[in-house]
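# Residue-level structure breakdown
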Amino acid sequence: MEKILDLISNEVMRAFKANGYNEKYGKVTLSNRPDLCEYQCNGAMAAAKEYKCAPFMISDKIAGSLKDKEMFESVESVKPGFLNLKLNLEYLVNYLRGMEKDKERLGCNKCENPKTIMIDYGGPNVAKPLHVGHLRSAIIGESVKRIGKFMGHNMIGDVHLGDWGLQMGLIITELKERMPELVYFDESYNGEYPKEPPFTISELEEIYPTASGKSKEDVTYKEAAMQATYELQHGRKGYQALLEHILNVSVNDLKRNYENLKVSFELWKGESDAQPYIPDMVQKMKEDGFAYISEGALVVDVKEDTDTKEIPPCMILKSDGASLYNTTDLATIVWRMRDYNPDEIIYVVDKRQELYFTQVFRCARKTGLVKPETELKFLGFGTMNGKDGKPFKTREGGVMRLEYLVTSINEEMYKKITDNHTVEEAEGQKTAKLVALSAIKYGDLSNQASKDYIFDTERFTSFEGNTGPYILYTIVRIKSILKKYQAEKTLPQQAEILPAHSNSEKALMLEISKFNAIMENAFEESAPHKVCAYIYDLANAFNHFYHETKIMAEADEMVQAGYIKLLELTKKVLEICIEVLGFEAPERM
RNA sequence: GUUCGAGUAGCUCAGCAGGAUAGAGCAUUUGCCUCCUAAGCAAAGGGUCGGGCGUUCGAAUCGCCUCUCGAACACCA
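Parameters at a glance
- The residue numbers shown here count from 1 along each chain, following its written sequence.
- Whichever chain is written first becomes A and whichever ligand is written first becomes 1, with later ones labelled in order.
- Under the rules for a predicted model, residues below a pLDDT of 70 receive no local features and side-chain atom pairs below 80 are neither given nor counted, while totals for whole chains, interfaces and linings still include all residues.
- Side-chain numbers come from the whole structure's heavy atoms, not from hydrogens or water.
- One heavy atom suffices: a residue is near a molecule or strand as soon as one of its heavy atoms comes within 4 Å of it.
- Polar contacts, as counted here, are pairs of nitrogen or oxygen atoms within 3.5 Å of one another; within protein the pair requires one atom able to donate a hydrogen and one able to accept it, and residues that are adjacent in sequence qualify only if both atoms are side-chain atoms.
- Numbered from the N terminus, helices here are DSSP runs of H or I no shorter than four residues, and strands are runs of E no shorter than two.
- Each residue gets one of three labels, nonpolar for Ala, Val, Leu, Ile, Met, Phe, Trp, Tyr, Cys and Pro, charged for Asp, Glu, Lys and Arg, and polar for the others, Gly among them.
- Paired strands are those between which DSSP finds at least two bridges.
- For every element, the axis is a line fit to its C-alpha atoms; helices are fit only across the contacting stretch, and the angle between N-to-C directions ranges from 0 to 180 degrees.

## A few points about the protein's contact with RNA strand B
- As a structural note, the neighbourhood of RNA strand B is formed by 60 residues, with Arg33, Lys318, Phe463, Tyr473 and Tyr546 the closest of them.
- Counted by atom, the contact set of RNA strand B within 4 Å of the protein is 58% sugar and phosphate.
- Here Ile551 contributes a backbone N or O atom positioned 3.1 Å from a base nitrogen of RNA strand B.
- Looking at the surface near RNA strand B, the elements that each hand over two or more residues are helix 2 (43-51), strand 4 (82-87), strand 8 (297-300), helix 13 (402-420), strand 13 (453-454), helix 16 (468-488) and helix 19 (528-548).
- Taken together, the residues that form the surface near RNA strand B break down as 24 nonpolar, 20 polar and 16 charged.

## Side note on the sheet that holds strand 7 (residues 291-294)
- Read across the sheet, three strands follow the order 7-8-9 without closing on themselves; strand pairing throughout is antiparallel. Because the sheet does not close on itself, it has two edges, and the strands there are strand 7 and strand 9 (314-317). Averaged over all pairs of adjacent strands, the angle between strand axes in this sheet comes to 45°, irrespective of strand direction.
- Strand direction decides the pairing type here: strand 7 and strand 8, joined by four bridges, are antiparallel. Residue pairing in the sheet places Tyr292 in a bridge with Val299 of strand 8.

## Re the sheet that holds strand 5 (residues 116-120)
- Pairing is parallel in the open sheet, where four strands are placed in the order 6-5-10-11. Strand pairing shows two members of the sheet lacking a second neighbour, strand 6 (154-158) and strand 11 (375-381), which therefore form its edges. Averaged over all pairs of adjacent strands, the angle between their axes in this sheet comes to 20°, without regard to strand direction.
- In the sheet, strand 5 pairs with strand 6 via five bridges, with the strands oriented parallel.

Function cannot be read off these values alone, since they describe shape.
Now the structure itself:
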């Protein structure tokens with residue numbers, strides 16, 4: 001369906017044109033004076049300059065020719081030159097009926113030209129637990145992906161594991177010290193390696209920090225780790241078998257953690273998957289004359305004439321010939337283009353890496369790794385801070401494990417729920433998990449991704465105001481009425497949404513009608529927070545209506561049935577929205 | 001130092017292709033459960049939109065200057 005704002009704009013633009021003015025002045029916006037009107041057009045004041053006359057002369061004329069249009073309930077021309085518009089009830093109701101008919105998408109058209117978009121939003125390291133630093137990337141990336149999918153794009157999420165480099169060597173070295181008898185360390189061994197990993201995830205999570213600590217103090221240990229890394233990367237069989245185990249154990253655990261957050265990835269690729277592409281890529285950059293030696297390192301110039309600041313060259317190989325993060329990221333682009341040929345790649349990464357990614361993107365473009373029209377988008381997010389405004393830490397000052405954070409909020413939530421109601425243990429736990437997740441995700445997503453934000457556990461778990469739980473509560477209220485209605489009667493065949501009986505009902509309808517425009521805009525700007533702001537408004541509008549309207553007590557069957565239809569539509573809109581945000585509502589709470 | 005970002009109510013944040021009285025939530029104060037879940041609704045107080053200058057009929061929004069804070073600035077990822 002066409003967006004309602006466009007339909008209105010088109011009508012007003014036609015009126016401008018019909019009166020001999022440039023139609024561009026007919027653009028309509030949402031009213032910022034809801035007490036006066038629902039939509040407004042300020043074009044007359046801008047047009048006054050061009051046509052050298054008083055603004056209200058123009059707005060009067062336009063109002064005159066719009067007055068009889070069935071779209072509007074009222075059109076007023078006000079003082080300097082505002083056009084204040086109110087939508088006709090029938091017109092609005094018809095629009096909602098149209099939305100309702102489109103059961104899956106509620107009138108939100110899929111995009112005309114679906115794109116293949118890869119989205120890189122994980123970045124967890126193998127053998128290290130997820131910590132709060134991984135939260136934003138996961139939450140924002142997942143939501144952007146879901147919004148894209150809803151709009152009809154082919155979205156491919158890639159976790160992009162940190163599974164390459166010294167950390168692997170460190171783990172192997174530590175394992176060797178602890179269990180030198182393992183066959184993986186026997187170079188003469190030729191048989192099959194055991195299927196069972198020689199460690200559990202919790203052992204692995206302890207091994208890495210231990211090894212990392214040792215390597216900082218003990219030079220020999222570090223050298224051993226570097227040697228192990230080298231041998232691993234050059235095909236030592238036993239080590240590669242160990243790497244398999246490390247990956248499997250670690251990835252299983254990561255998947256479990258991400259599942260708890262309702263985050264999933266289409267691809268579980270890692271930095272190691274990019275390594276095979278490096279030699280050819282580097283070779284080609286040299287042959288094509290892009291890469292040259294500067295201060296010993298192999299670099300590609302990426303500065304442009306329009307730069308307002310110095311953009312250092314993109315380094316491809318260190319002066320010792322080793323590859324680095326840039327190399328891996330560029331090589332990752334190589335396989336992504338080769339295997340998926342995406343129209344766009346989105347990186348959901350800490351915003352502090354912006355300059356770095358500017359270099360990588362420019363280098364990829366300049367050296368022809370991507371097509372000229374391939375979009376490389378940096379979606380930087382800000383830091384998650386504690387209540388003191390400084391980066392989020394545990395009470396002891398360490399990095400908080402994500403699992404711990406989630407569990408503690410789950411428990412907090414369970415307490416609140418059981419304080420308020422008596423619920424069965426199992427249902428209470430399940431509800432607590434859903435509500436907790438909404439608190440965490442909404443708390444994050446309702447902020448603009450690019451800004452730092454304060455993760456205030458108390459605020460997020462207090463459930464008042466603009467929070468995830470408030471949204472869920474609204475949905476639960478609707479579900480509750482619908483259930484009650486269904487228990488008592490069946491919806492008449494001819495039931496339809498009827499023209500609003502009150503201001504609050506119309507206000508609710510107006511909110512609902514914005515749905516497709518919001519989704520489209522949220523996708524275009526990769527901005528989940530717009531969806532949050534929308535459902536908050538929608539939930540407010542509903543609660544206002546709910547408070548004024550006794551739905552179950554309504555005597556007129558058809559009026560009541562109309563309310564039920566409106567409630568169903570409201571619920572669907574809310575549910576689609578929280579679905580793209582990445583959480584869901586319980587039946588009761 | 002250079003560049004980028006931020007500065008809006010006591011606190012956390014919206015608003016920023018210029019528009020009519022700058023909006024929410026929390027906190028504070030006050031009403032509303034014989035009535036579909038009060039995790040709700042209604043209402044009050046609270047602001048020189050960091051400061052200055054400019055463009056404009058009109059600026060939180062655009063331009064310039066300035067102050068404060070944060071971040072980034074080639075061999076880390």
